[in-house]
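Structural overview for review
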Amino acid sequence: MSDAAPPVLISESEIAARVEELARQISADYQDKGDLVLIGVLKGAFIFLADLSRQLTIPRTIEFIAVSSYENSSVSSGAVRLVMDVRGNIEGRHVLIVEDIVDTGRTLEYLIGMLESHGPASIRTCALLHKPGSTEVEVDINYVGFGIGGEWVVGYGLDYAEHNRTLPYIGKVKPSD
Ligand code: IMP
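Below you will find a few notes about this structure. (Residues numbered from 1 in each chain as written. Predicted model: local features only at pLDDT ≥ 70, side-chain atom pairs only at ≥ 80, totals over all residues. Heavy atoms only, no water.)

**Observations concerning the overall build of the protein**
Helix and strand counts for the protein come out as three helices and nine strands. Seen through its C-alpha atoms, the protein measures out along the principal axes to roughly 45 × 35 × 25 Å. When burial is assessed residue by residue, the protein has 47% of its 177 residues classed as buried. Long-range pairs, those at least 24 residues apart, make up 67% of the contacts in the protein between residues at least 6 apart in sequence. Averaging the positions of the 15 positive and the 25 negative side-chain charges in the protein gives two centres separated by 2 Å. (Helix = DSSP H or I, 4+ residues; strand = E, 2+ residues; numbered from the N terminus. Buried < 20%, exposed > 50% of the residue type's maximum accessible area, 1.4 Å probe, protein only. Contact = heavy atoms within 4.5 Å. Lys, Arg positive; Asp, Glu negative; His and termini not counted. Charge placed at Lys NZ, Arg CZ, Asp CG, Glu CD.)

Next up, the structure:
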């Protein structure tokens, strides 16, 4: 993979403005519910979660979960594997799953099923990016930052084989780069 900066798909300022809007909407929706637990899906959601969580105006706590399905390639293996479960108790609590991107929908479907077994009060989902053209399983995404095409994207937490996670914007790469 070349080290050239990938072309910009979504700029830093567009991301910041959208994250602010999402935080405002989530804060309003959970205003009277209390006790929201944000579950960030590692590794890709760590930057989005950091920015989103700091802009919420409601009480919230942070958990992380780690799954794997791509195993360093840009083609989903189809099977989602749990790498690290949440540490805290989420029983009876309102859960918001925070994902970097929803592609086929398999990861989110797996996570919802898995977290439901912990007995939360509710589960909603938030994804910075969504590839609607790649859907293989339908899952409800309650909060979406941007819909994009089928291209592979990197930056703002997302990688291609661990490259470009810390790029400040969302860029496009061809898997052959
Ligand atoms: P899904 O299970 O196919 O919906 O894939 C979800 C996961 O695949 C995301 O959490 C990402 O880790 C990864 N993924 C899918 N598309 C991309 C992309 O374009 N760039 C980086 N990661 C991606």
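Additional details are given in the paragraphs that follow.
**What to know about the pattern of salt bridges**
Enumeration according to the criterion identifies 10 salt bridges in this entry. For the salt bridge of Arg-54 with Asp-51, the shortest nitrogen-to-oxygen distance reads 2.7 Å. Residue Arg-54 and its partner Asp-51 are located together in helix H2 (residues 46-55), separated by three residues, close to a single helical turn. Arg-106 is the partner of Glu-136 in a salt bridge, and the nearest nitrogen-oxygen pair spans 2.9 Å. Taken as a pair, Glu-136 in the loop between strand S6 (122-130) and strand S7 (143-147) and Arg-106 in helix H3 (residues 106-116) lie far apart in primary sequence, 30 residues in all. Accessibility expressed as a relative area gives 28% for Arg-106, which makes it partly exposed. (Salt bridge = Lys/Arg side-chain N within 4 Å of Asp/Glu carboxyl O.)

**Remarks on the sheet that holds strand S9 (residues 170-173)**
An order of S1-S9-S8 is seen for the three strands of this open sheet, with the pairing classed as antiparallel. Of all the strands in the sheet, just strand S1 (8-10) and strand S8 (152-154) have a single pairing partner and so form its edges. With strand direction ignored, the average angle separating the axes of adjacent strands in the sheet is 45°. Pairing between S1 and S9: two bridges, direction antiparallel. Across the sheet, Ile-10 pairs through a bridge with Ile-170, a residue of S9. (Pairing = 2+ DSSP bridges. Axes fitted to C-alpha atoms, helices over the stretch in contact; angles between N-to-C directions.)

**Examining the packing of helix H1 (residues 12-29) against H2**
With their axes 8 Å apart at the nearest point, H1 and H2 run at an angle of 50° to one another. Comparing their axes, H2 and H1 come out oblique. Between H1 and H2 lies a crossing of right-handed hand. Here Val-19, Glu-20, Leu-22, Ala-23, Ile-26 and Ser-27 of H1 lie close against H2, whose contacting residues are Phe-48, Asp-51, Leu-52 and Gln-55. For the contact of H1 with H2, the residue count by class is six nonpolar, two polar and two charged. (Parallel < 35°, antiparallel > 145°, perpendicular 65-115°, else oblique. Left-handed = near helix turned anticlockwise from the far one by under 90°. Nonpolar A, V, L, I, M, F, W, Y, C, P; charged D, E, K, R; others polar.)

Any functional reading would require information that these geometric values do not contain.
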